[in-house]
Amino acid sequence: MTIDLDLLLKAYASGIFPMADARDDPDTFWVEPKTRAIIPLDNFRMSRSLRKTIRSDRFRVSTDSAFADVIRICASEADDRQETWINAEIEQAFNQLHQLGHAHSVECWLWNAESGEEDLVGGLYGLAIGGAFCGESMFSRASDASKVALAWLVARLKVGGFPLLDCQFMTDHLASLGAVEISQKAYLAMLGKVRNYAPSSDSAIRSPIRSSGGLLAGGAGLAAGAGAGLGAAAGGDGDSVSVSFGALDILLARLDDDVRGAVGLTESSGGFSSPGKLIAQLLTQTS
């Protein structure tokens with residue numbers, strides 16, 4: 001049995017999501033919780049140690065390069081969870097949504113000197129519904145790996161103009177990173193404002209970094225600075241606002257001296273030439 005993908009997308013757009021009682025449970029049911037956990041993107045809590053880890057580029061972080069592996073690991077048993085709610089039906093549906101461009105993953109990799117290859121040591125996946133990103137599950141096989149994956153996701157959503165990050169249920173782990181709990185009614189009101197945001201070309205970058213010029217210069221497509229970014233997106237009616245999950249990739253690819261100077265990243269010796277340092281800066285600044 002498979003989940004109808006149109007029905008699944010409509011359910012998420014209505015604040016409802018699927019779960020199963022166990023990995024091997026063939027039955028899937030729909031959940032509409034009374035309260036929701038969300039992470040306000042400008043209030044992501046980055047501890048000093050997490051900031052240091054991000055800036056050090058200890059992990060290589062990628063996006064959408066191992067979606068099937070991420071959801072498979074999230075659905076597997078681990079030391080900290082004996083059962084998961086992701087059954088084969090949900091896994092299959094999300095793999096199909098990923099192929100259609102709706103579902104995304106963030107992966108953290110560490111080099112394994114013994115094997116001579118990188119190991120997938122952390123990650124998360126979720127679903128984009130207009131201007132909302134519905135985080136589904138995450139895993140960590142190395143210290144801070146899931147936190148780094150979430151930090152990169154928050155930075156990606158900020159740059160891409162997404163106003164809402166849904167985490168479904170509150171946990172101590174999420175609370176430590178800045179998640180707050182709101183009523184389902186409040187969540188539906190927020191979702192209703194952003195669910196009709198349209199995907200845009202990946203060149204539409206919104207930067208929450210404050211700079212004297214207020215704009216990201218450095219090539220066609222680098223647009224919308226602090227004054228025209230997240231605040232403008234959050235205030236729209238959803239009919240004329242666009243978001244871009246891939247905007248951060250464009251910004252990282254253009255991380256050269258001219259762009260760094262345009263956004264005020266002026267450490268000596270090219271101090272912001274690494275991806276991690278840019279991510280840390282994006283999370284430090286608010287729109």
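That block above? That's the structure.
Conventions adopted
Residues numbered from 1 in each chain as written. Predicted model: local features only at pLDDT ≥ 70, side-chain atom pairs only at ≥ 80, totals over all residues. Heavy atoms only, no water. Helix = DSSP H or I, 4+ residues; strand = E, 2+ residues; numbered from the N terminus. Buried < 20%, exposed > 50% of the residue type's maximum accessible area, 1.4 Å probe, protein only. Arc of directions from axis to C-beta. Contact = heavy atoms within 4.5 Å. 1 Å grid on protein atoms, 1.4 Å probe; cavity = no way out; pocket = protein on both sides within 12 Å on 5 of 7 lines; lining within 4 Å. Points joined across faces, edges and corners; volume = space filled by probe spheres on them. Nonpolar A, V, L, I, M, F, W, Y, C, P; charged D, E, K, R; others polar. Axes fitted to C-alpha atoms, helices over the stretch in contact; angles between N-to-C directions. Parallel < 35°, antiparallel > 145°, perpendicular 65-115°, else oblique.

1. A look at unusual backbone geometry
Non-glycine residue Asp 64 carries a positive phi angle of around 60 degrees. For Asp 64, the position within the fold is in the loop between β4 (60-63) and α3 (67-74). Although it is not a glycine, Asp 144 adopts a positive phi angle of roughly 75 degrees. Within the fold, Asp 144 resides in the loop between β7 (132-140) and α5 (145-160).

2. Notes on helix α7 (residues 184-194)
Burial in α7 covers these residues: Gln 184, Tyr 187, Leu 191 and Val 194. Projection of α7 onto a plane perpendicular to its axis shows the buried side chains occupying an angular sector of 90 degrees, all on one side. For α7, the exposed residues lying more than 90 degrees away from the buried face are Lys 185 and Lys 193. Contacts from the buried residues of α7 go to α1 (5-13), β3 (35-38), β6 (117-129), β7, β8 (164-168) and β9 (180-183).

3. Looking at the layout of surface pockets
Estimated volume of the second largest pocket: approximately 290 Å³. In this structure, the second largest pocket is lined by 19 residues; those nearest its centre are Gly 101, His 104, Ala 128, Pro 199 and Phe 245. Counted by class, the lining of the second largest pocket contains seven nonpolar, eight polar and four charged residues.

4. Focus on the packing of α1 against helix α4 (residues 88-99)
Here α1 crosses α4 at 85 degrees, and the two axes come no closer than 11 Å. On the basis of their axis angle, the class for α1 and α4 is roughly perpendicular. Note on element contacts: α4 touches α1 through Ala 93, Phe 94, Gln 96 and Leu 97, opposite Leu 5, Leu 8, Leu 9 and Tyr 12. For the contact of α1 with α4, a count of residues per class yields seven nonpolar, one polar and no charged.

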